[in-house]
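Observations on the model geometry
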Amino acid sequence: MPGEQPPPGKYIKLNTNENPYPPSPAVGRAIQSVVERGLQRYPDPLANPFRCRASQILHVPEDWIVCGNGSDDILTIVTRAFVGEGDLLRLPYPSYILYKTLGDIQGAKSQAVHFQKDWTLANDFCADAERLRLVFLPNPNSPSGTVLTPDQILEIAKQLPCPILIDEAYADFANLNCIDLVTRDERIMVSRSFSKSYALAGLRFGYLVAQPQIVQKLVAVKDSYNCDALSIAAATAAIDDQAWLVENSRLITLTRAQVLTQLRELGFKCPDSQANFVWAVHPRANHREIYEALKARQILVRYMQYPDWGDGLRISVGTPEQMAVFFDSLRKLV
Ligand SMILES: *Cc1c(COP(=O)(O)O)cnc(C)c1O
């Protein structure tokens, strides 16, 4: 189930990892000019204007990129392309909840491999298994915000008998990513989202980078017009404004460091985060009660409870002002 989306204005929203800042001003202008040109024509089915600009910025050829209606659409396309009835998909645990749902829809089984205490993955994550067709790996992971290094991921990919999707929804907040690995192994795919680092969750745009023979396979199963003319123009303008991206992620990562320090001062255990959220577990406090008490004060964080694993709070990094209000309330609760 996705995080709560209350009517705008009422809450300080720290529950779904949206960006607290408005997007690049170039985005609004791009949408405006599409509206002025008119919307009577179908959009480019491959979102080529975006692929062209992204190709220059990411240093990969255009035909290595496939676009989607949010990166959730990319995850759906990948699952449909590789996983059928009775097949097996593997995911780390705890991680993004949607992966299992996508497997269920295909009539596939999913195998959750638990992270170790230090948020790395043991060798059983790479083990062969009957009908194993696809592995998902979010990096940075949610809810932990932790990362595996590209070297660790390449090692995992080499041992696996099937493709692996590295879900980089949060990679723009991290100091590493796996785009370069795509050239090393055709079974490595990397997906990205515009919802978090580009502050465009309401727009719905994401993309995937993989070798062209894989991209062709994915294009064959996607809806013909899965990205609309407004989102293609907006995402193209957004990725074109790399100065905005760099400055925004600088702000968020600065605030993230302060949030981690303050949470640890209050006794929370938090792994170092490379995303725009932090994972907080308190050895004594009741997480659900903290979540409820914050909600009563118009502050929404995400209470996460994972069967066979445990619970905690996932807190998105807001503006410094929002985090000051959050800590004023939190201090009274622990
Ligand atoms: C938010 C998120 C997504 C979905 O991104 P959209 O582009 O909004 O669909 C995918 N994967 C992870 C791990 C996420 O946290």
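My aim in this report is to walk through the structure given alongside it, one point at a time. Keep in mind that what you see is a predicted model, and the values were worked out from it rather than measured.

1. As for the sheet that holds strand 6 (residues 164-167)
Spatially, the seven strands line up as an open sheet ordered 2-8-7-6-5-3-4, and their pairing is mixed. The sheet is open, and its two edges are formed by strand 2 (65-68) and strand 4 (109-114), each paired on a single side. Along the sheet, successive strands turn relative to each other by an average axial angle of 20°, direction set aside. Where strand 5 (residues 132-138) meets strand 6, four bridges bridge the pair, whose relative direction is parallel. Within the sheet, the bridge partner assigned to P138 lies in strand 6 and is D167. Taken strand by strand, helix 2 (residues 48-58) contacts strand 2, strand 7 (188-193) and strand 8 (206-209), and its axis lies near 125° from that of strand 2. Strand contacts of helix 5 (residues 150-159): strand 5, strand 6 and strand 7, with the helix running at about 155° to strand 6, the strand carrying the most contacts.

2. Comments concerning the site of the ligand
Taken together, G70, S71, D72, Y96, D167, A169, Y170, S193, S195, K196 and R204 are the residues near the ligand. Taking Y170, its side chain carries an N or O atom lying 2.5 Å from an oxygen atom of the ligand. The side chain of S193 places a nitrogen or oxygen atom 2.7 Å from an oxygen atom of the ligand. Protein coverage of the free-state accessible area of the ligand, which is 390 Å², stands at 93%. Residue classes in the shell around the ligand are distributed as three nonpolar, four polar and four charged.

What counts, and where the lines are drawn
- Residues numbered from 1 in each chain as written.
- Predicted model: local features only at pLDDT ≥ 70, side-chain atom pairs only at ≥ 80, totals over all residues.
- Heavy atoms only, no water.
- Pairing = 2+ DSSP bridges.
- Helix = DSSP H or I, 4+ residues; strand = E, 2+ residues; numbered from the N terminus.
- Axes fitted to C-alpha atoms, helices over the stretch in contact; angles between N-to-C directions.
- Contact = heavy atoms within 4.5 Å.
- Near = heavy atom within 4 Å.
- Polar contact = N/O pair within 3.5 Å; in protein donor to acceptor, adjacent residues only side chain to side chain.
- Areas by Shrake-Rupley, 256 points an atom, 1.4 Å probe, with all protein chains shown as cover.
- Nonpolar A, V, L, I, M, F, W, Y, C, P; charged D, E, K, R; others polar.

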